Amino acid sequence: MVTELLKKYIWLAQTFIRAGERGLSLEEISTKWESRFDTPYSRRTFNNHRNALEEVFGIRIDCDRSTNRYFIGYTDDVTDENAENAWLINTFTVNNMLSLGRERLSGRVSVEDIPSGHRYLTDIMEAMTEGYEIIIRYQKYTTADAETFTLKPYAVKEFAKRWYIVAYCMERNALRVYGLDRILSLEITGNTFRMPEGFDVDELFVTSFGIYVPDGPGQTILFRTGHTEARYIRDLPLHRSQTEVNSTSKYVTFSIFACPDRNMIMEFCRHAGRLEVLSPEEVRNAVAEELAKGAAQYTSKINDKS
């Protein structure tokens, strides 16, 4: 039920975004709705959906009383003003379009299989919206037995093709991050909770490199690449704090401000010989050690064969 409603909200938002400043009359909206969903669309239902769009996504549909046409007043820069909501809308829209066009576009659309736990995403978002605690059965990669946790769901976060929930865990009495793809079952309880005042998930992870809650202060980390690799890193920064420090005929030096963690070390290793960490020394050494371990594995196998 929730998933179906979300699809309808997304469709309505996208319909108005495509309409632009001219907007749509109620008759035009109803015609498009009936063509898409094959059901009548009353003014009351439309107004309910308008209210839901503003509450859930922060998108307000206004009405020009002189023309009785409805419109989103900031369609041109909606992605700039509300980036996370616009991203969510686009994600649902693309998934919906792929589902609808699977038969007609067979063999022409290729997407990666992302084990992101979509099964529970809408339930968690519903619990967040209503302020309800949830109970999950959770299977860590590092343990054989599943555990049960009672959570206050504060936020959801996407990282490296996986969805995560940021929540206060009652059993651990602390803030924790859980991967949605490792949730075995989820129950929305009738117990309500209050969000901490001023909570902002982006601020929480501002010095994080991935999904680990930072456990210390951030550091300035310098690394350099050749000009070819630099073009990729400019278009897809390694971290939101990334800045370009200087450029020579051979290298481009970048700076980020973050709390070093394993995600960061493995990201640097992924670039292997195309990227060199310059400082701080402990980060440079950690990357060197990981690369040395990998090289040793392949070297020992080559020696065994010879």
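First, a word on scope: everything that follows refers to the structure included in this document. All of these numbers come straight from a predicted model, not from anything done at the bench.

What follows is about the overall build of the protein. Along the backbone of the protein there are 10 helices and 12 strands. The buried share of the protein, taken over its 306 residues, is 37%. Considering only contacts within the protein whose residues lie at least 6 apart along the sequence, 58% involve residues at least 24 apart. Carbon together with sulfur atoms contributes 48% to the accessible area of the protein, which is approximately 18600 Å² in total.

Now for the sheet that holds strand β7 (residues 174–179). Pairing is antiparallel in the open sheet, where 5 strands are placed in the order β7-β6-β5-β4-β8. Strand pairing shows two members of the sheet lacking a second neighbour, β7 and β8 (183–192), which therefore form its edges. Taken over all neighbouring pairs, the strand axes of this sheet differ in orientation by 45° on average, direction set aside. Both strand β6 (residues 162–169) and β7 contribute to a ladder of 6 bridges, which runs antiparallel. Opposite Ile165, over in β7, you have Tyr178 as the bridge partner.

Now for the side chain of Glu133. Its location among the elements puts Glu133 in strand β4 (residues 132–138). Although Glu133 is buried, it makes no salt bridge; Lys152 carries the closest opposite charge, 4.9 Å away. With residues up to four places along the chain from it excluded, the contact list for Glu133 reads Thr150, Leu151, Lys152, Pro153, Met170, Glu187, Ile188, Thr189, Asn191, Thr192 and Phe193.

How two aromatic rings sit relative to each other is set out by the distance from centre to centre and by the angle between their planes. This structure, assessed with the given rule, holds 15 aromatic pairs. Between Tyr138 and Tyr178, the ring centres sit 5.0 Å apart and the planes meet at 80°, which makes this aromatic pair edge-to-face. On the criterion of sequence distance, the pair formed by Tyr138 in strand β4 and Tyr178 in strand β7 is long-range, its members being 40 residues apart. We classify Tyr138 as buried; its relative accessible area is 4%. You can call Tyr178 buried: its relative accessible area is 4%. Ring centres of Phe149 and Tyr178 lie 5.4 Å apart, and the angle between their planes is 40°; on these two criteria the pair is classed as tilted.

The rules behind these values
- Residues numbered from 1 in each chain as written.
- Predicted model: local features only at pLDDT ≥ 70, side-chain atom pairs only at ≥ 80, totals over all residues.
- Heavy atoms only, no water.
- Helix = DSSP H or I, 4+ residues; strand = E, 2+ residues; numbered from the N terminus.
- Buried < 20%, exposed > 50% of the residue type's maximum accessible area, 1.4 Å probe, protein only.
- Contact = heavy atoms within 4.5 Å.
- Areas by Shrake-Rupley, 256 points an atom, 1.4 Å probe, with all protein chains shown as cover.
- Pairing = 2+ DSSP bridges.
- Axes fitted to C-alpha atoms, helices over the stretch in contact; angles between N-to-C directions.
- Lys, Arg positive; Asp, Glu negative; His and termini not counted.
- Salt bridge = Lys/Arg side-chain N within 4 Å of Asp/Glu carboxyl O.
- Phe/Tyr/Trp six-rings, centres within 6.5 Å; stacked < 30°, edge-to-face > 60°.

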